[in-house]
Amino acid sequence: VIGPRQFAQNTPPKFFRLHEIQRLFDSFDLSSAKDLRNYAMVHLSYGLGLRPDEISLITLDDISFTQSELTLTTRKNDRPAKLPIPENIMKSIAAYIIGSRPKSSHRRLFLNLAAPHRPICATSVGQHITECIRKAGLPGTAYWLRHTYAQNLLETGVSIYEIKEMLGHEYIDSTEKYLHVHMKLMRRVLFDEEL
């Protein structure tokens, strides 16, 4: 008898190294309306660990430029969150709004650049981010940026419980799947050894 397919991950999630992230950001032509929009999306994915669906649902009203804060009203765990927005992400959002966001009555932050200017769906956000990754000559998908965010938090000493909250997971098991065994960190903790 063959049992049901197992969907558990046998391999750790993929993530980008620092030089790959630098290569990704260096690949943008910020004189292009499309790149300005995608640059802001990539920043949100990499810098805040947001899912494509969370990025697609951000409205202009969710962003507080004075407090440098993003309110996520719709998350997978059904718990709204307020996240601080680092300056580089705030600048990328402002550059998009000023430089390439079409004039529209829609309140969603990210819109299609071609008329009619409707809000972008989650699938399109994921495709645009993945397209940017491929354009930079890197393997990977939009979710690799989320995994990288989790890995970066782990490397800076953030607890897995705090990472769970930042990623918007309901269960700690979901967060554990995102975290790759970081050999350098493990050697430092176990053997008090620097590589």
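Residues numbered from 1 in each chain as written. Predicted model: local features only at pLDDT ≥ 70, side-chain atom pairs only at ≥ 80, totals over all residues. Heavy atoms only, no water.

1. Notes on the sheet that holds strand β2 (residues 69–72)
Step number 1: Strands sit in the order β1-β2-β3 across an open sheet of three strands; the sheet is antiparallel. Each of the sheet's edge strands pairs with one partner strand only, and the pair in question is β1 (63–64) and β3 (81–84).
Step number 2: When β2 meets β3, the two strands line up antiparallel, connected through four bridges. Paired with T71 across the strands is K82, a residue of β3. (Pairing = 2+ DSSP bridges. Helix = DSSP H or I, 4+ residues; strand = E, 2+ residues; numbered from the N terminus.)

2. Remarks on empty space enclosed by the protein
Vacant regions in the atomic arrangement are exposed by a probe of water-molecule size rolled over the atoms.
Step number 1: A complete count under the given rule lists one cavity of 30 Å³ or more for this structure.
Step number 2: Of the voids in this model, the largest cavity is the one considered here, and its volume is about 40 Å³.
Step number 3: Forming the walls of the largest cavity are E54, L57, I58, D62, T71, L72, T73 and T74.
Step number 4: Secondary-structure elements contributing two or more residues to the lining of the largest cavity are α3 (52–57) and β2.
Step number 5: Classifying every residue of the lining of the largest cavity by side-chain character gives three nonpolar, three polar and two charged. (1 Å grid on protein atoms, 1.4 Å probe; cavity = no way out; pocket = protein on both sides within 12 Å on 5 of 7 lines; lining within 4 Å. Points joined across faces, edges and corners; volume = space filled by probe spheres on them. Nonpolar A, V, L, I, M, F, W, Y, C, P; charged D, E, K, R; others polar.)

3. Some points on unusual backbone geometry
Step number 1: Cis geometry is found at the peptide bond from A115 to P116, where omega equals -5°.
Step number 2: By secondary structure assignment, the location of P116 is in the loop between α4 (87–99) and α5 (122–135).
Step number 3: In the Ramachandran plot, S68 falls in the positive-phi region, its phi being about 50° despite a non-glycine side chain.
Step number 4: Relative to the helices and strands, S68 resides in the loop between β1 and β2.

4. Quick notes on the packing of aromatic side chains
Step number 1: The tally for this structure, following the rule as stated, stands at six aromatic pairs.
Step number 2: Taken together, a centroid distance of 5.8 Å and an interplanar angle of 90° make the contact between F25 and Y39 edge-to-face. Taken together, the positions of F25 in helix α1 (residues 18–26) and Y39 in helix α2 (residues 33–48) put the pair 14 residues apart, joining distant regions of the chain.
Step number 3: Note on F25 and Y46: the rings are 5.9 Å apart at their centroids and 65° apart in plane angle, and the pair reads as edge-to-face. Of this pair, F25 sits in helix α1 while Y46 sits in helix α2, and the two are 21 residues apart along the sequence.
Step number 4: For F25, a relative accessible area of 15% puts it in the buried group.
Step number 5: When its relative accessible area of 19% is taken as the criterion, Y46 is described as buried. (Phe/Tyr/Trp six-rings, centres within 6.5 Å; stacked < 30°, edge-to-face > 60°. Buried < 20%, exposed > 50% of the residue type's maximum accessible area, 1.4 Å probe, protein only.)

5. Notes on α2
Step number 1: The end-to-end C-alpha distance of α2, which contains 16 residues, comes to 22 Å, matching closely the 22 Å that a straight helix rising 1.5 Å per residue would cover.
Step number 2: Taken across its 16 residues, α2 has 13 buried, putting it largely inside the fold.
Step number 3: Its side-chain oxygen 3.3 Å from the backbone nitrogen of K34, S32 forms the N-cap of α2.
Step number 4: Remark: G49 follows α2 within two positions and exhibits a positive phi of approximately 70°. (Expected span 1.5 Å × (residues − 1). Polar contact = N/O pair within 3.5 Å; in protein donor to acceptor, adjacent residues only side chain to side chain.)

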